Amino acid sequence: MDRIMRGLLCLCMLAIGISVYGQTGRVVSGMLRDTESRPISGATVHLVTNSDTMATRSSNAGFYTFENVSATKFKIRVSSLGFAPYEKEVDFPQGQKEIQVPSFELAVNDNQIEEVVIQGVLTVQVKGDTVEYSTKDLKLREGSVAEDALKKLQGVEVDKDGNVTAQGESVTKVRINGKDFFGGDVKTATQNLPANIIEKIQVVDDYGDMANVTGNKSGDSEKIINIQIDPKYNKGFMTTLRAGYGSDERYQATGMWMGMTDKTQVSVLGNLNNINAPLFDFNTMGGGARRRQGGGGRPGGGGMSGNRDGLTNVGSIGLNVRHDFSEKLKVYGNYSFGRDDNTTVTDRINQFTFDDGVQEDKSNSDVNTITARHRLEANIEWNITDRDYIKLTPQFGFNDNRINSVTSSESFIGQQFLNSEDETQGTNSNSPRYSISGLYNRKLNDKGRNLFLNFNYDNAATNSDIDRILRRLTEDPNNATATDEEIYRKTLQEIKNKSWNAGTSLSYIEPISKNGKLEFTYDFNKNSYDNRRYQDAFNEDGSSFPNTDTSTVNFHYDQDYSFTTHRIGANYAFENDKVKYSIGAAVQPSLLKGIAANDDQTTPIDRSNFNIMPIARFEYKFSRQKNLSINYSGSTTEPTVDQILPYEVSTDEFRRTYGNPNLNPEFRHQMMLRFRAGDFQKGNTFFAFVNGNLTNDKIVSFVKRVPTTIGVLTETRYLNETEEPVYGINSFYHFGKSMKEKTYNLMLMGGITYNKNVAYTSTDAAAVEGMKNIANNWMFMQGVMFRYNPSENLELNPGIRYSYNTVKNSISQNNTAVSGLTPTFIGSVNLTPTTIFGADVSKTFNRGYGSLTNANPFIINTYIEQKLLKDQRGTLRFQAFDLLNEQVNLNRTFSDNLISDTRTNRLGRYFMLTFTFKLQKFSGMAPTIDNGLPPGMRMPRM
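Keep in mind that this is a model prediction, so the values were computed, not measured.

Engineer: I'd like a description of the overall build of the chain, backed by residues and values.
Structural biologist: Within the chain, the regular secondary structure consists of 6 helices and 49 strands. The proportion of buried residues among the 942 residues of the chain is 51%. Taking all contacts inside the chain whose residues are at least 6 apart in sequence as the whole, residues at least 24 apart take part in 67%. If you sum the accessible surface of the chain, you get close to 41600 Å²; carbon and sulfur atoms cover 54% of it.

Given below as structure tokens:
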């Protein structure tokens, strides 16, 4: 490790030395003013030559200076939010070593929202889809990381697992200076980037590269955070090394090095621990140049906090590189490797609601999962000319999984025992994937005529072998004394799934007036699948276990099909100082085609559909600090192949699925309303959104659970709901108020969610239609937080949250509700200038979880740390995690007629002594001193 660190450090210093060697000592200076001759501070100023670019910021008096300029001819480019961009060509007089450029007078940009700067109050700017925070007024200890800064922003929350939400929506990606950092991995950036080098943090509703390049939005947005680094930190390096050992053989070893020049940034991160602290989220891949259609979701992960489910041994290492060859050609990418060994114990209660009662399954499982993952990404951005732009993004990933589980379960109707099962299962799987995406944008003239093209190709596969042994006792009295041989069943399953996705989009924009333009779009997308699932069953002596009239345990399924769509659309867009809207429509023909086969038959698949989708967006700016946006979108969802096949598809002998060849695709209407307002001079902020959806022809399930003498038979069928409207509403608000130069901060947040779910159920094996069950699910959340932060040396954060989750079923009295009340207190104080004490205390009162409700954890985490060594670059910390040993996780989920409650284990009480060494040096700066948490690698959260 030392050799690697010394080598990387030498490379960085060599690059800086080469840059210095080539400089000649010329000095360029100047001043920036607005149209009323007032100095402009904080503006970004670039000095651009044919071979190099230098950057700086204007001072409070509006002055800027460049030293060691080598070129005799260059351009000065100025940009500042609230002002129109400015550019000027400058020639150095022959033989002169210093030049003062005449003052630039920047014109105010009326489309920008005015920056409000009040002493002691965070500078906030709101413009369209972006809310920007300056970090210069935050009261942060030296050594804080980006996550600590995010916690102090109005409308932004960071939970104990490190997951970030902004304005009520989950943040899916973090960028640094507009570029993905480790593929946009949220926690890798927020828990490792030092806060002292951050200049601004932007919360953005991102609609993808097409919207960023052309300004025209389509589809739904995702919430991302862009972190802007202060240009004065563009040259230098920082490093953090940490080692810790504690009770129960807990350990941690982490390291981080980041080196930067004007054109290059290199980051190396490493992590080894058994305190549930992963470094990377490998479910995150960079967005590429085209958004994938039909992509999966983003699981949570769990931060450097010990709050991840189960117990995990973690090992990971990663490299992130960015290099600007010139202003026109930029390359950035990353490689990450991680290995997790996780053991999770879960207690689960599933309740199935039927007209004649409730069936209940209780289970306990112990699962060990070992996963090794690789991720490699690259991005190439090339501004060929002032009018032509290209971006290419190749990606590669590989996962290797080993899962071993032991599960015991029991099923009941009321108090009547149905059956019990003991199951052991081993799964080996691997999942390679690779892809490439790209875009090309051509500005056809200076009036807004534009041509945009992008494409993607993705290829993925999953190969799994599953070895499952099941022992089942049933209510049958003759079964109670059955031998192990009689209740034993072994199955071997082989799964091979291959898929590829390819698509391209074309957009042409034609301005037709000063404020209006037309956009014509075409989108092609194809998903192709080749899936194989084979299973064979055996008795305990190794002989084959045959299928019977009532059970299917041997099956061989092959599915080879593709889903193709063409989308053609047109819309009119209008924008002025107050109003921005677009309206139009698109048509989308689609084709699902292929074959599906089992042991007895082969079924052709040939389904076509035609959909019309409206396009409507509206934004209104009431004032410089208040705006409203309303977006409508429509989308169609084709049934899956299993949902439309005319024959039985089984996963085991008691779980069967029958498709419906007459299913129609769903059509989902969705409308999002966002409102942002604030009186930033007084420290007030307000964010709110309401999101509603309505689904026509909703695909719902018809589930039978039929008790038999050999177990509970579950049969699932599908149909379109045409009589009952299926809809949902989700809302959230956040109000924040800062007082007395941000010494006092009050935050109120809450929301209401309603979902109407429809399903059909029966306990009769001969039922054809079943009974309709309408499950009305309401969720309420309210929180109050207060922060007292008079200086960097003292911070107190008391708060309380309340959540209530209830469901009412129409066909039975199984109407349940769960609630949680959680008061919290987080604080830290400098006992001396070099000694810090901190604590994080929370108590949760759970109600309504049945036999699981006895889990009301009282969590106490605390630490004390002391700064050491010359220049106080070392930190010794003693930490106590979960002093009362009550860590546990409770969760409730709903689906169709099912209510599922789970309780999982988490890392319990431990004590740890940790030593951290930090060094940070940038041009013109001495090595910095750590007054708190070191940057670059976050301590396990208290």
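Engineer: For the pattern of salt bridges, give the residues involved together with the corresponding values.
Structural biologist: It is possible for side chains bearing opposite charge to pair when their charged atoms get close. In this structure the tally under the stated criterion is 34 salt bridges. Here D324 makes a salt bridge to R322, at a shortest N to O gap of 3.6 Å. Assigned by exposure class, D324 and R322 land together as buried. Salt-bridge contacts for E795 lead to R787; the nearest nitrogen and oxygen are separated by 3.6 Å. Look at the salt bridges and you will find they share partners, linking E721, E723, E724, K756 and K772 into a network.

Engineer: Quick rundown of the packing of aromatic side chains? Include the residues and the values.
Structural biologist: For the coordinates displayed, the defined rule picks out 18 aromatic pairs. Each ring, one from F622 and one from F675, has its centre 6.3 Å from the other, and the planes form 70 degrees; the classification is edge-to-face. One end of the pair, F622, is in strand β30 (residues 602-623); the other, F675, is in strand β34 (residues 666-679), with 53 residues separating them in the sequence. In this structure F622 comes out as partly exposed when scored by relative accessible area, which is 39%.

Engineer: Describe the sheet that holds strand β2 (residues 44-48), naming the residues involved and giving the relevant values.
Structural biologist: Taken in spatial order, the 4 strands line up as β3-β2-β5-β6 in an open sheet, and their pairing is antiparallel. Every other strand in the sheet has two partners, leaving β3 (53-57) and β6 (86-91) as the edge strands with one partner each. Strand-to-strand twist in this sheet, taken as the mean axis angle between neighbours without regard to direction, amounts to 20 degrees. Where strand β5 (residues 73-79) meets β6, 6 bridges bridge the pair, whose relative direction is antiparallel. The partner of I76 across the bridge, within β6, is K88.

Engineer: Let's hear about the nonpolar core: which residues, and what values?
Structural biologist: With 38 residues, the main nonpolar core has L150, V156, V164, L193 and I225 as its most contacted residues. What L193 contacts, discounting residues up to four positions off in sequence, is V145, A146, I176, I198, I227 and M258. In terms of nonpolar packing, the next biggest core, distinct from the first, is built from 20 residues, L32, L47, V69 and L106 among them.

Engineer: I'd like a rundown of the pairing of β5, residues and numbers included.
Structural biologist: Of the two faces of β5, only one is covered, namely that formed by F74, I76 and V78; the face formed by K73, K75, R77 and S79 stays uncovered. Alignment of β2 against β5, held across 5 bridges, turns out to be antiparallel. Considered in β5, the bridge of L47 is made with I76.

Engineer: Describe the environment of R387, listing the residues and the values that go with them.
Structural biologist: Following the sequence through the fold, R387 ends up in the loop between β22 (357-383) and β23 (388-413). Along the sequence, R387 and N450 sit 63 residues apart, while their C-alpha atoms lie 9.4 Å from each other. At a separation of 3.1 Å, a polar atom in the side chain of R387 contacts the side chain of D446.

Engineer: Tell me about the side chain of T904, residues and numbers included.
Structural biologist: Its place among the elements puts T904 in strand β48 (residues 898-905). Overall, the relative accessible area of 8% leaves T904 in the buried class.

Engineer: Which residues make up the confidence of the model for the chain, and what values do they have?
Structural biologist: Where the model shows low pLDDT, its predicted coordinates should not be examined in detail. Taken as a whole, the chain shows an average pLDDT of 81; of its residues, 85% reach a score of 70 or greater. Ignoring residues within four places in sequence, the model shows residues 1-24, a span with pLDDT below 50, making 23 contacts including any to other chains. Contacts of residues 292-306 to residues separated by more than four positions or lying in other chains number 53 contacts, the stretch itself having pLDDT below 50.

Engineer: Help me get a handle on a nonpolar patch on the surface, residues and values and all.
Structural biologist: There is a patch of nonpolar side chains on the surface, built from I752, W778, F780, V784, I800, Y802, Y804, L821 and F845 and spanning about 730 Å² of accessible area. Of all the elements in the fold, those that place two or more residues in the nonpolar patch are β40 (771-791) and β41 (794-809). Along the polypeptide, F845 turns up in strand β44 (residues 845-847).

Engineer: So what's going on with the pairing of strand β18 (residues 251-260)? Residues and values would help.
Structural biologist: The element β18 is largely enclosed, with a buried count of 8 among its 10 residues. In the sheet, strand β17 (residues 236-246) pairs with β18 via 10 bridges, with the strands oriented antiparallel. Paired with G236 across the bridge in β18 is M260. If you look at the hairpin formed by β17 and β18, you'll find 4 residues sitting between the two strands, and D248 has a positive phi there, around 55 degrees. The sheet contact formed by β18 and strand β19 (residues 264-273) spans 9 bridges and is antiparallel. The partner of G255 across the bridge, within β19, is G270. Between β18 and β19, which follow one another and run antiparallel, lie 3 residues.

Criteria and thresholds
- Residues numbered from 1 in each chain as written.
- Predicted model: local features only at pLDDT ≥ 70, side-chain atom pairs only at ≥ 80, totals over all residues.
- Heavy atoms only, no water.
- Helix = DSSP H or I, 4+ residues; strand = E, 2+ residues; numbered from the N terminus.
- Buried < 20%, exposed > 50% of the residue type's maximum accessible area, 1.4 Å probe, protein only.
- Contact = heavy atoms within 4.5 Å.
- Areas by Shrake-Rupley, 256 points an atom, 1.4 Å probe, with all protein chains shown as cover.
- Salt bridge = Lys/Arg side-chain N within 4 Å of Asp/Glu carboxyl O.
- Phe/Tyr/Trp six-rings, centres within 6.5 Å; stacked < 30°, edge-to-face > 60°.
- Pairing = 2+ DSSP bridges.
- Axes fitted to C-alpha atoms, helices over the stretch in contact; angles between N-to-C directions.
- Core = buried A, V, L, I, M, F, W, Y, C linked by side-chain atoms within 4.5 Å.
- Polar contact = N/O pair within 3.5 Å; in protein donor to acceptor, adjacent residues only side chain to side chain.
- pLDDT = per-residue confidence, 0-100.
- Patch = residues over 30% accessible without salt bridge, like charges linked within 9 Å, V, L, I, M, F, W, Y side chains within 5 Å.

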